[in-house]
Amino acid sequence: MTGQDLVAVAQAMVAPGKGILAADESSPTIKKRFDSIGTESTENQRRVYREMLFTTAGAAEFISGVILFDETLRQATADGTPFPEYLAAQGMLPGIKVDTGAKPLAGFPGEKITEGLDGLRERLVEYRELGAKFAKWRAVIVIGDGLPTEFCIHANAHALARYAALCQEAGIVPIVEPEVLMDGGHTIERCASVTAATLDEVFAALARHRVDLTGIVLKPNMVISGAECSERAGVEEVAEATVVCLTAHVPAAVPGIAFLSGGQSAEEATAHLSAMNRLGPHAWQLSFSYGRALQAPALQAWGGDSSAYAAGQAALIKRARLNGLARNGDYAPEMEAA
Ligand code: 13P
């Protein structure tokens, strides 16, 4: 891919009215999700679940791309069409999670560093051959007593930038995901200052590593109260604080910002995105790259039961459609009942 192709893919990932389905749960994470509905996490059951999501009629109208896990990238629909090929034929870009997880950062109790750089150049070549057009790497920043440390932010930004540079070298668009976790009792103001410091460090590292900002997608957290905060900010406050923070700390060269849902309920995540887009226009597209906020209702409706396949797909398309509306600020909570 040329630089121009990278830009075209990045723009397609955040095309108006659409967003990304994050379906890249690692094997331990999908097992947790399956445990919650009492279904066994076998390779075939994971394949069946992902096939249910990907073959939902009309999904491509609202879903620009799907992030896959290594195993899923190599799986196929029941009739034998490899998932990347199936998605591409529907008009959804296949993507791949390439980090190997956030591990404890030695010497920094309570903090994490994301691993997966060793051998990444070679893995990216293979992923591209398997059809991946974009990749994802998630860094995790914890807010707590005396946390995060500057060093943790720095180390994670450095790894994100090395990953992003390798992706662009391979002709793959990097999703750059620095996630400030919602866990904890912190205020929205604290989330705002940690998010700002994290974004500054990430963009400084991307510049040092000569990453072309027009060929990335940023996947940040929203600026939001901690999950255990006693007085949690409302929808309008989250939307405003997030837009203020991003406007000050994300260069306009970035084509799009696709939020993670990070433990918000499906309805909250949609309402927040819609409120932010109502505050626009912005310098970048403001989109979604939701995992749980798109999948949780579908997972529940399916419940691991083949007779509930259509119910699972109905739940997914509902969330996809409502988030598609939120891309233009056109979502209203009353639509949940329809
Ligand atoms: P959530 O939307 O569930 O946070 O997942 C998005 C994701 O891809 C996290 O890396």
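Residues numbered from 1 in each chain as written. Predicted model: local features only at pLDDT ≥ 70, side-chain atom pairs only at ≥ 80, totals over all residues. Heavy atoms only, no water.

Quick look at the site of the ligand
Definition in use: Near residues are defined by distance, with any heavy atom within 4 Å of the molecule or strand qualifying the residue. Side-chain atoms alone can form a polar contact between residues adjacent in sequence; in general such a contact is a pair of N or O atoms within 3.5 Å, and within protein one must be able to donate a hydrogen while the other accepts it. Only protein atoms enter the 1 Å grid used here, on which a cavity is any set of points holding a 1.4 Å probe that cannot leave and a pocket is any open set flanked by protein within 12 Å on both sides along at least five of seven lines; residues with an atom within 4 Å of a point are listed as lining. Occupancy of a cavity or pocket is assigned to a molecule whenever over half of its atoms lie within 2 Å of that pocket's grid points. We count a stretch as a helix when DSSP gives it H or I for four or more residues in a row; a strand needs E for two or more, and each element gets its number in order from the N terminus. Any residue outside Ala, Val, Leu, Ile, Met, Phe, Trp, Tyr, Cys, Pro, Asp, Glu, Lys and Arg is labelled polar, Gly included; the first ten of those are nonpolar and the last four are charged.
The environment of the ligand is formed by 13 residues, the closest being Lys-136, Lys-219, Ser-261, Gly-262 and Arg-292. Taking Gly-262, its main chain carries an N or O atom lying 2.7 Å from an oxygen atom of the ligand. Applying the majority rule of atoms within 2 Å of the grid points places the ligand in the largest pocket. Where the shell around the ligand is concerned, the elements lending two or more residues are β6 (134-141) and β10 (285-290). Grouping the amino acids of the shell around the ligand by side-chain chemistry returns three nonpolar, four polar and six charged.

Focus: the nonpolar core
Heads up, the rule is: The set of buried Ala, Val, Leu, Ile, Met, Phe, Trp, Tyr and Cys residues whose side-chain atoms join them within 4.5 Å is what this entry labels a nonpolar core. When accessible area is computed with a 1.4 Å probe and restricted to protein chains, residues below 20% of their type maximum are described as buried, those above 50% as exposed, and intermediate ones as partly exposed. A contact between two residues is defined here by any heavy atoms of the two lying within 4.5 Å.
In terms of nonpolar packing, the biggest core is built from 101 residues, with Phe-54, Tyr-163 and Leu-206 touching the most fellow members. In this view, Leu-206 contacts Ala-161, Ala-164, Val-176, Val-211, Leu-213 and Ile-216; residues no more than four positions away in its chain are not counted. Grouped together as the second largest cluster of nonpolar side chains are nine residues, Ile-141, Ile-143, Val-180 and Val-194 included.

Quick word on the state of the cysteines
To keep things clear, this is the line we draw: Cysteine sulfurs are considered disulfide-paired once they come within 2.5 Å of each other.
Considering all chains together, one arrives at zero disulfides under this definition. This cysteine, Cys-229, is not joined by any disulfide, and Cys-191 carries the nearest cysteine sulfur, 11 Å off.

Points about the sheet that holds strand β1 (residues 19-23)
Selection criterion: Strand pairing is assigned whenever DSSP detects at least two bridges linking the two strands.
Around the barrel, eight strands lie side by side as β1-β2-β3-β6-β7-β8-β9-β10; this closed barrel has parallel pairing. In this structure, strand β3 (residues 93-97) lies alongside β6, joined through three bridges in parallel fashion. Across the sheet, the residue bridging to Gly-95 is Phe-134, located in β6.

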